[in-house]
Structures are given as structure tokens and as C-alpha cells.
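# Residue-level structure breakdown
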Amino acid sequence: MHMRMTFLALAIFVADQSAWAQSFTFTTLAGKARVQGTVDGKGAEARLHAPTGITVKDGTVYFNEYWNSAVRKVTADGTVTTLAGVAATPGSADGAGAEARFFHSHGITIDRVGTLFATDYGNNTIRKITTAGIVTTVAGLAGAPGSADGTGSAARFSHPESLAVDAKGTLYVADTQNYIIRKITPTGVVTTFAGQTGTPGSADGKGAAARFDVPIGLTIDGRGNLYVVDGGFDAGKGNSTVRKIAPDGTVTTLAGLAGAVGSADGKGAAARFHYPVGITVDKMGTLFIADTGNFTIRQITPDGVVTTVAGTPGARGSADGTGPDARFDQSQSITVDGDGTLYVADTNNSTIRKGVRVAPAGAARPKGKDKR
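All of these numbers come straight from a predicted model, not from anything done at the bench. (Residues numbered from 1 in each chain as written. Predicted model: local features only at pLDDT ≥ 70, side-chain atom pairs only at ≥ 80, totals over all residues. Heavy atoms only, no water.)

## With respect to the sheet that holds strand S18 (residues 215-220)
What counts, and what does not: Pairing between strands is defined by DSSP: at least two bridges between them are needed. Runs of E in the DSSP output that reach at least two residues are strands. Runs of H or I that reach at least four are helices, and both are numbered from the N terminus.
If you trace the five strands from one edge of the open sheet to the other, you get S17-S21-S20-S19-S18, paired in antiparallel fashion. Because the sheet does not close on itself, it has two edges, and the strands there are strand S17 (205-206) and S18. Both S18 and strand S19 (residues 226-230) contribute to a ladder of five bridges, which runs antiparallel. By the bridge assignment, Thr219 is partnered in S19 with Tyr227.

## Observations concerning the pattern of salt bridges
Threshold: By salt bridge we mean one thing: a side-chain nitrogen of Lys or Arg within 4 Å of a carboxyl oxygen of Asp or Glu.
Tallied over the full model, the rule gives 16 salt bridges. With a shortest N-O distance of 3.8 Å, Asp303 and Lys267 are connected by a salt bridge. Placement of the pair is Asp303 in the loop between strand S25 (296-300) and strand S26 (305-310) and Lys267 in strand S22 (residues 266-267), with a sequence separation of 36 residues. Several salt bridges converge on common partners, so that one network encompasses Arg34, Arg316 and Asp329.

## Here we look at empty space enclosed by the protein
To be explicit about the condition: A cavity here means a set of points on a 1 Å grid, drawn over the protein atoms and nothing else, where a 1.4 Å probe fits but cannot get out; a pocket is an open set with protein on both sides within 12 Å along at least five of seven lines, and a residue lines either one if it has an atom within 4 Å of a point. Grid points are joined across faces, edges and corners, and a volume is the space filled by probe spheres set on the points. In this classification, Asp, Glu, Lys and Arg are treated as charged, Ala, Val, Leu, Ile, Met, Phe, Trp, Tyr, Cys and Pro as nonpolar, and every other residue, Gly included, as polar.
According to the stated counting rule, one finds one cavity of 30 Å³ or more in the structure shown. Within this model, the largest cavity holds a volume of roughly 30 Å³. Along its surface, the largest cavity is lined by Leu29, Gly59, Val61, Val74, Thr75, Ala76, Tyr343 and Lys354. Grouping the amino acids of the lining of the largest cavity by side-chain chemistry returns five nonpolar, two polar and one charged.

## A word on the sheet that holds strand S24 (residues 287-291)
Pairing between sheet strands relies on hydrogen bonds along the backbone, with the strands arranged either parallel or antiparallel. Reading across the sheet, the five strands line up as S22-S26-S25-S24-S23 and stay open at both edges, with antiparallel pairing between neighbours. Bordering the open sheet on either side are S22 and strand S23 (278-281), each of which pairs with just one other strand. Relative to S26, S22 is paired through two bridges, and the arrangement is antiparallel. Bridge pairing in S26 links Lys267 to Val305.

## Digging into the environment of Val138
Defined as follows: Residues are treated as being in contact if the distance between any of their heavy atoms lies within 4.5 Å.
Along the chain, Val138 falls in strand S11 (residues 134-139). Distance in space between the C-alpha atoms of Val138 and Val190 is 9.9 Å, their sequence separation being 52 residues. Leaving out residues up to four positions away in the same chain, Val138 has contacts with Phe117, Ile126, Arg127, Lys128, Gly152 and Ile184.

## As for the pairing of strand S8 (residues 105-110)
What counts here: For every residue, the accessible area (1.4 Å probe, protein chains only) is compared with the maximum for its type, and the residue is labelled buried under 20%, exposed over 50%, or partly exposed between those bounds.
For S8, a buried count of six out of six residues is recorded, marking the element as mostly surrounded by other parts of the structure. Here S8 runs beside strand S9 (residues 116-120); their pairing, made up of four bridges, is antiparallel. Bridging from a neighbouring strand, Thr109 pairs with Phe117 of S9. With antiparallel pairing between neighbouring strands as the criterion, S8 and S9 make up a hairpin whose turn holds five residues, including Gly114 at a positive phi of roughly 95°.

## Focus on the layout of surface pockets
Estimated volume of the second largest pocket: approximately 240 Å³. Lining the second largest pocket are 16 residues, with Ala50, Trp67, Gln332, Thr347 and Asn348 sitting closest to its centre.

## What to know about the nonpolar core
Using the following cut-off: Here, nonpolar core means buried Ala, Val, Leu, Ile, Met, Phe, Trp, Tyr and Cys residues that are tied together by side-chain atoms lying within 4.5 Å of each other.
By size, the foremost hydrophobic cluster in this structure holds 17 residues, and its most contacted members are Val242, Phe273, Ile279, Leu287 and Ile300. The set of elements that each furnish at least two residues to this core consists of S19, strand S21 (250-255), S23 and S24. Beyond its immediate stretch of four places on either side in the chain, Ile300 contacts Val242, Leu254, Ala255, Phe273, Thr286, Leu287, Ile289, Val305 and Val306. One finds Ala210, Phe212, Val228 and Val251 within the second-largest nonpolar core, a separate group that totals 14 residues.

Okay, structure coming up:
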């Protein structure tokens, strides 16, 4: 009897979550689909070129662009300006605004006071950008790939793609081509948090016992749990799974099955992804995934139930719309604001998309404790 009641409760929970999950309406906030460029401006007048990282704070979205090698921002009304770097002018210089240089900067995150941090993929470094656009190098040495732990420029990375920051200012980095997750203290001390350098795989375990295969997306919740998209988009291989790392470094697989590419909704290992890249977590602990190879946006509940909230698997495009009517083209990053609004770096469309949840008629949002 107890087992039957538990199953029924789970079924109702999953059904409620699924109904709620299918109600995001996406619009284009900035840029014009398939028209690349470097123009600052408002809405469709702005031109972007392959935005790959995105983060948000208080309604202002910050993003970096792989091809433009710049960090830019877009306000709530869709006005785009360049915060640091010079479009299509790669380099590795620290400095203020247009004096700074990046080389294929990929991932970006923001801390509680508004300081930005970016993975400078081509330089193999981690950069810091203040609200005034002043850029400094936190860790790594430009042009010197490797895997060494150490402080500041003594540390080495190999094409890091994303990062996350916790409430204390500690950074975590998806050091993609080293197959590991790194940790950087506020004083710049770099250590290896999980995985084994140069040893790809899919093993769960603690610290160095765990294995990743092309870890590419990263986010952190209010309890200090890291979530890793163990994706493989750039390499055309990888695990296509979502992994969870507890504060003590213990790695488990939350959703997907290592090496099994697909688009199935479901719970845990029954779900399938297609080389996903981006990941974010909201205040309730719900994850959202930019499922890059499927051209969709997916949702994962804290217990691993996966649903598709926007886009149609295999149907690339740029259309605004609700749920399956929306179209994306290899979106590589996603972020969520405090009010639950989603923002997507729609990479191949060179646009920034905005997703607002629309509750189904008669539905109420599942209640949960604010974890941040």
C-alpha cells in the first residue's frame, strides 16, 4: 500500500512538473537572426556574432562572443553596448574597455556584487571584468596551455569553456580539454576539484576518481552543488549527460546515459540529450539546459525529471513562439534571472533570446523553498 501511494504521488509530481514545463514563450531580445556583425544598437538593429556565453543580473544580460572576442551587455529594453574588448580584434591584453583583448572568449558568469568572470578559451586563461569594464587576468598564462595547479599565472588550463561562481566568490571552471573541473579561490589559487587530467570517461565518484568526457557547461546552486553538462558538442563526442558535484567533490549522474545521444524526455538515465552545452539553475533548484544538438531548451527537476520546454528536436530555425513552436540554432548558453525569466545565447542565429514562463490555464507554479 505504501509503495503504491508513493508511486502515485511521484506520478502526480511528474505530471505537474511536465505541465508546468511546457509553458515558455520565447522572443528575440537583440540581434537579427543569421545576420552577423559587431554593431551596438537596440533590438534588431544590433549585430552580434556567435554569442557563446550568457549571464544576467537585475535584468541586464551580459554575453561574450566567440568570433567577436568581446564582452557585451544588453539592457531590458534590448539596447546592446560593448563592455570590454574590440570586436573581431583578438588578443590577450588586460585594460579598460576597448584597451582589453580576448581570444575566443566562451563562458561568462557574474557574482553577487556584479563582477563578471569569463573563460578566455583561446588564451587558456580566466579573466575578470568589473562593472566599469576593467579587465584583469585571474589565472592562467595566455598562450600557455596545460593542467598545472598553482596561483595566478602559474596555473594552466586547456581551452576552458564555462565557469560558475559561488556566494563566497570561489570560481569553478569546466576545463574542457583537460576533462576536469577546477576550483579558484578569491586569491587566485587554482586546484583540481574533480576528474583526472587527460583521462576522459564517465565514472561517478569522488574527486580524482570521477571521470568526464568534454565537460562544457557549468552552474552552481544556492547549496553549493555544481552541475556539469558533460557534453561533447565541440568534439562531436562526449557523454551527453548532466552530472552533479556535491560540495565535497562527489560526482553523480543526474540525467542522461553516457554515450547515448538522443532527445527523449524522462527521468534520470531514461532521458537523452544531443551534445548539450549550456546550463543554469533557478532559485528553486530547477535546471535548464541548452540542448545544442537538438535545437531545444530542456528542464530538469532536482530529482532528475527531464522535459522539453521550447523548440522541437531536429528542427533548427529562429522563430519566436511558445513551447514547440519556438526555434533555435545550436544555442550554446542559457541563464535565468531572479524572476524565472530565461535568456539564451542563440549562437548560430547570432541573437539573444528571452523566455517568459506562461502558466497553463488553471495551473499554479509548484511551490518550493528559495535556495539562494
